[in-house]
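Structural description and commentary
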Amino acid sequence: MQEYRKNTILTMEIEDLGIDGEGIGHVEGFTFFVKDALPGDVIEAKVLKAKKHYAYARLEKVITPSPFRMEPKCPVHRSCGGCQIQALSYEKQLELKDRKVYGNLRRIGGFSEELLNSVWEPIIGMETPWHYRNKAQYPVGTDREGHLIAGFYAGHSHNIIPAKECTIGSESSNALLEIVLGWMNRHHVPAYDEQTGKGLLRHILLREGFYTGEIMVCLVINGREVPASEDLIRVLTAYEERSERGFTKRVTSICYSPNTSDTNVIMGNSYEAIYGKGYITDLIGDIRFRISPLSFFQVNPFQTRRLYEKALEYAALTGRETVWDLYCGIGTISLFLARKAALVCGVEIIPQAIDNARVNATLNGIENAMFYVGAAEEVLPAFYEGKLPAPGSEATDAEATGRTLKNDTSVNRSNGSGSSDLLHPDVIVVDPPRKGCDAACIRTMLEMHPDRIVYVSCDSATLARDLALLTEGGYRLRKVCPVDMFPHTVHVETVALLSKLSEAKHHIEVKVDMDELDLTSAEAKATYKEIQDWVQEKYGFHVSNLNIAQVKQIHGIIERENYNKAKSADSKQPECPEEKVKAIEDAMRHFQMID
């Protein structure tokens, strides 16, 4: 196979998109990843970094544009990197996202094409895929002339691209940024400098209630107080804009969040309101939510409603069901479901989110939604084993899981009003983070044998893995529907429905392969077996799971104890031989797990 050196200029046709939105082309069987290139483009590209089996290249010239190539609305979309595929027609975006989810369920989940074709529902896209984000965080800095700027970080850097108008953000953002920058200039408020650690204003957080018109401005500061706050309040509260939905948008909350740490984390751990209350409100359907600076709330309220409506449709609630909602956040899905269920029990590890969930339940007059604080993988097994009482009794929070409660068999864990008790719920809904569900959580879900499981996922790779485990445990995949929550980016949400097989037993022994379960975002790109097979084919020798785990650890991919820890205190693990390190690293580069 020919070697391709750095700076070599090549002509190629782009055939597909990679997981980060980069174009994929081939020259004589050699794979190239080219940022900003689109399927159907014929391009000239310059090689930036060449590996043994693939290379990264830069788009130099589009010789023949793809029939799907569009003129982007945003003038800085290439340098910003926030909208990786804005130059691709929206219809093609939807097609590729749909295919991405389908491909992961086919390849990683092992589901047949016949089954997938029978359960697949068309991807739900947006009618107008612009200005949909209700939240944005803008870093603040200075340009080369020393002028204050606010915008977005360029891709893979901390260079700030000034934001004149973000085409996926709120249309109020630019005016509000100009107001804050004007206040900074008048009162000589310095921007934070990452190199020196000096300066005050680090980020400007904007949140907007798209259905209420309420706007929050939160300043993330390298300090403990905001200077000239009276003038800041004056100029921000003077802002008004007529919404296209017929009401007036106003700033109703001004806050600051101290963050004095040398860290890439944007928000501090706390916040203070200097005007209004420390939250705004917005609606999903007819349910009102309070949103604080630290609250998680879906950024696309238009598609969030459609996502939750699809989850509600799959749950098939009649008013008699008991539902567990795992990874519930501030209770968005829980409260959506509670209107149609007998009882909903939400679980979330962040205490502030559960505080918000309870407030939101009260705000909407919902009395049949109860919440636990704790990790889903700890709370659900603890409840199932009788170590936690039912919601509504004395200790419902799983600070409880930190101090295991007495196993009191007198605790009645039946809701008393649904068609089944909490030990064997009608429906379990999960909306986990990108890494998917924990092994203990999946085991307990299977032991509880709900009639239906509704899985909401932001990562179709870990979704595919978890669906395979659940179907192995006695469930059948019934429906799958991708939902485009983030137009012009490569991300896509998915809702899946599983139902219990009629022959499924109440207690099922399921072999959960930890190699396939504990996937990080890097690991999701290839399983251990895929790495082993690739090395065997290319190098002609076998590498063990331990070898792979050791090399992953070298590259900062955290591994489980079962591979990285000696079996006894006085035993030692052999180091991975150098030739195997090189082979595994080549495989990891091939699967885009490392650079």
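Residues numbered from 1 in each chain as written. Predicted model: local features only at pLDDT ≥ 70, side-chain atom pairs only at ≥ 80, totals over all residues. Heavy atoms only, no water.

1. So, the environment of F296
Within the secondary structure, F296 sits in the loop between β15 (287-291) and α6 (301-315). C-alpha of F296 to C-alpha of I330: the two residues are 34 residues apart in sequence and 7.0 Å apart in space. Those residues in contact with F296 that sit more than four places away from it in its chain are R207 and I330. (Helix = DSSP H or I, 4+ residues; strand = E, 2+ residues; numbered from the N terminus. Contact = heavy atoms within 4.5 Å.)

2. Structural notes on the pairing of strand β22 (residues 493-500)
Counting buried positions along β22 gives seven out of eight residues, so the element sits mostly inside the fold. Bridge count for strand β20 (residues 452-457) against β22 is six bridges, and the pairing is antiparallel. Across the sheet, residue R452 finds its bridge partner in β22, namely S499. Here strand β21 (residues 475-483) runs beside β22; their pairing, made up of eight bridges, is antiparallel. The partner of C481 across the bridge, within β22, is V495. (Buried < 20%, exposed > 50% of the residue type's maximum accessible area, 1.4 Å probe, protein only. Pairing = 2+ DSSP bridges.)

3. What to know about the nonpolar core
Of all hydrophobic cores here, the largest spans 97 residues; its most connected members are L105, W324, L326 and L477. Y138, L176, I215 and L236 belong to the second largest nonpolar core, which has 32 residues in total. (Core = buried A, V, L, I, M, F, W, Y, C linked by side-chain atoms within 4.5 Å.)

4. Overview of empty space enclosed by the protein
In this structure the tally under the stated criterion is two cavities of 30 Å³ or more. Space inside the largest cavity adds up to approximately 80 Å³. Around the largest cavity, the lining is made up of 15 residues, and of these N134, S170, S173, L206 and E208 lie nearest the centre. Tallied by class, residues from the lining of the largest cavity come to six nonpolar, five polar and four charged. (1 Å grid on protein atoms, 1.4 Å probe; cavity = no way out; pocket = protein on both sides within 12 Å on 5 of 7 lines; lining within 4 Å. Points joined across faces, edges and corners; volume = space filled by probe spheres on them. Nonpolar A, V, L, I, M, F, W, Y, C, P; charged D, E, K, R; others polar.)

5. Quick notes on the pattern of salt bridges
This structure, assessed with the given rule, holds 19 salt bridges. Measuring nitrogen to oxygen at the nearest pair gives 2.9 Å for the salt bridge that ties K310 to E121. You can see K310 sitting in helix α6 and its partner E121 sitting in the loop between α3 (113-119) and β6 (135-142), a full 189 residues away along the chain. The burial state of K310 is the same as that of E121; both residues are buried. A salt bridge links D231 to R186, with the shortest nitrogen-to-oxygen separation between them at 2.9 Å. One end of the pair, D231, is in helix α5 (residues 229-237); the other, R186, is in helix α4 (residues 173-187), and 45 residues separate them in sequence. Given the relative accessible area of 13%, D231 is considered buried. The network of salt bridges with shared partners includes E121, K310 and E313. (Salt bridge = Lys/Arg side-chain N within 4 Å of Asp/Glu carboxyl O.)

6. Overview of the layout of surface pockets
If a probe the size of a water molecule is rolled over the atoms, the empty space left behind becomes visible. What the second largest pocket holds in volume is close to 390 Å³. Lining the second largest pocket are 18 residues, with T128, W130, E244, R245 and F302 positioned closest to its centre. Every element with two or more residues in the lining of the second largest pocket is listed here: β11 (240-242) and α6. Here the lining of the second largest pocket gets three residues from one element, more than from any other, and that element is α6. Taken together, the residues of the lining of the second largest pocket break down into four nonpolar, five polar and nine charged.

7. Description of the packing of helix α2 (residues 90-107) against helix α11 (residues 460-472)
Interaxial distance between α2 and α11 falls to 8 Å at its minimum, and their mutual angle equals 35 degrees. Along this stretch, α2 crosses α11, giving a crossing that reads as right-handed. On α11, the residues that touch K100, V101, N104 and L105 of α2 are S460, A461, L463, A464 and L467. Split by residue class, the contact of α2 with α11 holds six nonpolar, two polar and one charged. (Axes fitted to C-alpha atoms, helices over the stretch in contact; angles between N-to-C directions. Left-handed = near helix turned anticlockwise from the far one by under 90°.)

8. Some words on unusual backbone geometry
It is generally the case that most residues other than glycine have a negative phi and that most peptide bonds are trans. Of note, A228 is a non-glycine position whose phi angle comes to about 50 degrees, a positive value. Take A228: it is sitting in the loop between β10 (214-221) and α5. Residue A228 is classed as partly exposed on the basis of its relative accessible area, which comes to 26%. In this structure, A316 takes a positive phi of about 55 degrees despite not being glycine.

9. So, the packing of helix α10 (residues 439-448) against α11
If you want to describe how two helices pack, look at the angle between their axes and the distance between the axes. Relative orientation of the contacting elements α10 and α11 amounts to 35 degrees, with a least axis distance of 10 Å. Taken as a pair, α10 and α11 cross one another with a handedness that is right-handed. Residue-level contacts link I442, M445 and L446 of α10 to D466, L469 and L470 of α11.

10. Thoughts on the packing of aromatic side chains
Evaluated as defined, the whole model comprises 15 aromatic pairs. With centroids separated by 5.9 Å and ring planes inclined at 5 degrees, the aromatic side chains of W324 and Y372 adopt a geometry described as stacked. Note that W324 is positioned in strand β16 (residues 322-326) and Y372 in strand β18 (residues 369-373), a separation of 48 residues in sequence. Summarising the burial analysis for this pair, W324 and Y372 share the class buried. Between the aromatic rings of W324 and F383, the centroid separation amounts to 5.2 Å while the plane-to-plane angle is 65 degrees, which identifies the pairing as edge-to-face. (Phe/Tyr/Trp six-rings, centres within 6.5 Å; stacked < 30°, edge-to-face > 60°.)

11. A closer look at the confidence of the model for the protein
Of all residues in the protein, 87% have pLDDT values of 70 or greater, and the mean over the chain is 85. Here helix α15 (residues 561-564) is the element of the protein with the lowest mean pLDDT, 36, and β21 is the one with the highest, 98. Residue range residues 503-510 is modelled with pLDDT below 50. Its contacts to residues more than four positions away, or to other chains, number 12 contacts. (pLDDT = per-residue confidence, 0-100.)

12. Comments concerning the environment of F289
Within the secondary structure, F289 is located in strand β15. Measuring from C-alpha to C-alpha, the distance between F289 and T332 comes to 7.8 Å, with 43 residues separating the pair along the chain. Beyond its immediate stretch of four places on either side in the chain, F289 contacts I280, T281, D282, I284, F297, I330, G331, T332, L335 and N360.

13. Regarding the sheet that holds strand β2 (residues 23-27)
Within a sheet, adjacent strands bond to each other through the backbone by hydrogen bonds, running parallel or antiparallel. Judged by pairing direction, the barrel is mixed, and its five strands sit side by side in the order β1-β2-β3-β5-β4 before closing back on the first. Taken over all neighbouring pairs, the strand axes of this sheet differ in orientation by 50 degrees on average, direction set aside. Here β2 pairs with strand β3 (residues 30-35) via five bridges, running antiparallel. Note on β3: the bridge partner recorded for I24 is F33.

14. Re the sheet that holds β18
Strand order in this open sheet of seven strands is β18-β17-β16-β19-β20-β22-β21, and the pairing throughout is mixed. Both outer strands of the open sheet, β18 and β21, are each paired with one neighbouring strand and no more. Neighbouring strand axes in the sheet, compared pairwise and without regard to direction, differ in orientation by 15 degrees on average. Alignment of β16 against strand β19 (residues 427-430), held across four bridges, turns out to be parallel.

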